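The lines below spell out each chain.
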Amino acid sequence: MKTNAQIVIIGGGIMGASLLYHLAELGCTDTLLIEKDELTSGSTWHAAGQCPSVTGSFNLAKMHAYSNDLYPRLEGLTGHYVSWHKSGGIRFATNERELAWLRQIQGYAKIIGFGMDIISPEEIRRINPFVTTDGVIAGGYTTDDGHADPSGICNALAIGAKAMGATIQRKNRVTALTQLPSGEWDVETELGTVRAGTVVNAAGCYARAVAQMAGIDIPVTNMEHHYIVTDPIPAFKERGGEIPVMRCPWVSGYFRQEQKSGLIGIYENVDLAEAWAPGGQPRWESTSELFQGDLDRIAPWLERAIERMPVFGEVGIRSVINGAIPHTPDGGPLLGPAAGLTNFWHCCGTSFGIAQGGGAGKYLAQWMLHGDSDINMTEFDPRRYGSFADEAYSRAKVFLDYRMTFTTRLPGEEEPDGRPSRTSPLYDRLAAAGAVYGETYGWERPKWFSTDGRVEEGGYHRTNVFDVVAAESRAVATRVGLLDLSGFAKYDVTGPDAESFLNRVCANRMPTRAGGIGLVHLLSRGGRIHGEMTVTRLADDHFYCLSAAAAEQRDWDQMVQAVLPHEQVTITNVTDARGVLVVNGPLSRALLSPLTDADLGNDAFRYLSGREITVAGVTLRALRVSYVGELGWELHPAMADLPALYDALWTAGQPLGIANYGLYAVNGMRMEKAYKGWGSELTNELTMIEADMRRFLALKKDDFVGKAATLAAPDRFRIVYGEVAATNVDARGAEPCMVGETCIGLTTSGGYGHRTGKSLFFACVPHDHAVPGAQFDIILQGERCAAVVLATPAYDPDNALMKA
């Protein structure tokens, strides 16, 4: 057995085998995959092998598309049979909300390049003459996908990896993990110890147990999932060809042809069962394990599947497969660095491992070897979960995710399961005032305020809260508004080397004067964008750094792990210690001035400056910044002082017409100001130059992480800002940008600006469409809408209002 390897992968299912293959394909073959039994013997072997193109996540759709491109080629590449069936698939829409979802995914198809049409019930029956379409209004027909033998795919990937020089050790269980001072890991196994430069947890249903060996935990819950295979069906025997894989929300499942038999898989939405409950952890000696089938549990949905495909009811059941599948709280895989550790990565947590395995291995291998991936990995990064995602949270969210597998969730819709997890002290106050909360990194944050009892009707179109958001925006634009943004990630960076450290790890230069505020970015060694922070210099050796709520653990790791041994720097996470109350609007100064002795005039308290002051008897950090383009301050008190501060401001603001506002209004106003967002415009796919952020590069600095790569990287495309002639649907991101019948790019985010009456967007397009005045179309829910690139922000382009 190898005793040293650059990378050790724990787990020989589809995820581990795919990563091993793609690392080798990129030239990294000093690798060892360790599997406790045989390859595929966890959850891969019993999977049904579906490989759909249709998924609600744009970046997952890219992974699926790559898998569907790779798997048909694997037999030729490796010589191993994978039984690829390019049957296509049809996803039913039984109502308008499901049809709207399919239209959004059809936009993904145009961008990514997989075949998809929305077809009529009549066309569905022509393609599959055995299916009934009662209650079906349309179908999403994808033509480049299908299904395959999971064991065949996994073994083909393993054979291919070995042929390129990788090593696989079967029948050898990992028993312990120990990190050495060098950063390397000792991987203890039943057959001896391996010294690894990097360890990857690809352990499937055992992923949580492997993470615990490394001293951490991850939110993975294993669920039981049934599918059945029927006896051979005479009608299938008599017919050549194969029907598409059918997916139906009413059935809450999928059904297809399996050779000359039928296959039905069910995602029941009541009486769900956690695998290996109580405890949810498989025994180490478990291998190729199935659970007792429970047909009574899934009977209502089986009956519906037979109604959809009456030929299934003409024969008996040949086999019942009830196996474990790992799930994460949001249904996405865990792909990326482990929180708080170095040289330890996750490649696990996928509930659709066969469909996602090819792409997951490819893009994670890129990240591990090059520091970046070709797709946006933010939504898969394991550090999207923090300590809030404990066992109870994970179980509640996973049960929700499982039962909603075939339920269409539209924009604006969020369920209460597992919530609230993290709240500011204002949570109950604002809820009583009508706050409708959204969840980000466990935090409950106001999206909008229902002052008349209305409930949002989610959708891609402008919903019934459009006018409410307009009123909130008008309040901020004409009077003064309050917003609780305590979920911001917050760090104090202190010490003699704090300034030089931050100048080294950030692309922009740190503010040089006390109280100065700067916008800075954390880059990868390859020059791609990994983070964004607002930094306030409070003293010569003290910087206050703010970043997105969802980036709390990620940015913490990036900074802490970047400190060099000789640097005298202390980084403290003060996210839970400090609240944030945002005051915005032309009457902000009028609201705050009577409550403080501090001079808030322009000469004494300039725009983009911050300092400690006292407001209503509360000592706090006041930052004169604005993400909405109006005069305003962010007030950062101790978290415990937030209620007293809010009450004082609310009382003092009554004569001024003070109003609460939420993140829906913020999005529209930041779009009017052309402010880019981390995770949408600012991603690991782009350099600062490509994101049109060159002004935030301090290229005269001696060096910073990613500088050389930024200057050397190819300049492939540009993020542009523009206006679209939308009717009732605004851009959200991942909508195709078209010139004729050619897709030239995609939107990255968008929204309606109520102050300007404009529908605005950001998009990633080639250089020849990146100049002001350039025109193209954007497809919004199937409608082609004319778009034009703007030269300046739609609202107050000179920033006069913020500086007033």
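These lines cover the structure that appears in this document, whether it is placed above or below. (Residues numbered from 1 in each chain as written. Predicted model: local features only at pLDDT ≥ 70, side-chain atom pairs only at ≥ 80, totals over all residues. Heavy atoms only, no water.)

### A few points about the overall build of the protein
Going by this rule: Helix and strand definitions here come from DSSP, where helices need a minimum of 4 consecutive H or I residues and strands a minimum of 2 consecutive E residues; each element is numbered from the N-terminal end. The globule rule used here is 2.2 Å times the number of residues to the 0.38 power, and the radius of gyration it is set against is calculated over C-alpha atoms. For every residue, the accessible area obtained with a 1.4 Å probe (protein chains only) is divided by the maximum for its type, and the residue is called buried under 20%, exposed over 50%, and partly exposed between those limits. Only the protein chains shown count as cover for residues, and the accessible areas themselves come from Shrake-Rupley with a 1.4 Å probe. As used throughout, the charge tally considers Lys and Arg to be positive and Asp and Glu to be negative, leaving His and the chain termini uncounted. Charge coordinates come from a single atom per side chain, which is NZ of Lys, CZ of Arg, CG of Asp or CD of Glu.
If you tally the helices and strands in the protein, you get 18 helices and 37 strands. Against the compact-globule benchmark of 28 Å for 804 residues, the protein has a radius of gyration of 27 Å, which places it among compact chains. Taken along its principal axes, the extent of the C-alpha atoms in the protein is 85 × 60 × 55 Å. Every one of the 804 residues in the protein was classed for burial, and the buried ones make up 62%. If you sum the accessible surface of the protein, you get close to 28,400 Å²; carbon and sulfur atoms cover 49% of it. Counting 72 positive and 93 negative side-chain charges, the protein places the centres of these two groups 4 Å from one another.

### Some remarks on the sheet that holds strand S27 (residues 581-584)
Defined as follows: Criterion used throughout: strands pair if DSSP finds at least two bridges between them.
Across the sheet, six strands lie side by side as S28-S29-S30-S27-S21-S31; this open sheet has mixed pairing. A strand with exactly one partner marks an edge of an open sheet, and here the two such strands are strand S28 (610-615) and strand S31 (659-660). With six bridges joining them, S28 and strand S29 (residues 618-623) adopt antiparallel strand pairing. Bridge pairing in S29 places Arg611 opposite Ala622.

### Observations regarding the layout of surface pockets
Which entries qualify depends on this criterion: In this analysis the probe radius is 1.4 Å and the grid spacing 1 Å, with only protein atoms considered; a cavity is a set of points the probe fits into but cannot get out of, a pocket is an open set with protein on both sides within 12 Å along at least five of seven lines, and lining residues have an atom within 4 Å of a point. Grid points are joined across faces, edges and corners, and a volume is the space filled by probe spheres set on the points.
When its volume is computed, the second largest pocket comes out at roughly 840 Å³. Together, 28 residues line the second largest pocket, and Pro337, Trp345, Arg525, His530 and Gln561 are the ones closest to its centre. Broken down by secondary-structure element, the contributors of at least two residues to the lining of the second largest pocket are strand S1 (4-10), strand S18 (344-348), helix H9 (353-370), helix H13 (498-505), strand S23 (517-523) and helix H14 (552-560).

### Looking at H13
In plain terms, the rule: By the convention used here, residues are in contact when the closest approach between their heavy atoms is within 4.5 Å.
What H13 keeps buried is the set Ala498, Phe501, Leu502, Asn503 and Val505. Turning to H13, the residues buried within the fold contact strand S22 (489-494), S23, strand S25 (542-547), H14 and strand S26 (570-573).

### Considering unusual backbone geometry
For the bond from Ala277 to Pro278, the omega torsion is -5°, close enough to zero to count as cis. Its location among the elements puts Pro278 in the loop between strand S15 (261-266) and helix H8 (295-308). Each neighbour pair has its own omega, and for Arg419 with Pro420 the value is -5°, a cis peptide bond. Counting through the fold element by element, Pro420 comes out in the loop between helix H10 (391-403) and helix H11 (427-432). With a phi angle near 55°, Ser252 is a residue other than glycine that sits in the positive phi range. The backbone of Asp796 shows a phi angle near 45°, a positive value even though the residue is not glycine. Within the secondary structure layout, Asp796 lies in the segment after strand S37 (783-789).

### Some words on the pattern of salt bridges
To keep it simple, the criterion reads: What makes a salt bridge here is a side-chain nitrogen of Lys or Arg within 4 Å of a carboxyl oxygen of Asp or Glu, nothing more.
Applying the stated criterion across every chain yields a total of 47 salt bridges. The partner of Arg454 in a salt bridge is Asp452, with the nearest N and O atoms 2.7 Å apart. Each member of the salt-bridge network shares a partner with another, and the members are Arg208, Asp217, Glu274, Glu391 and Arg395.

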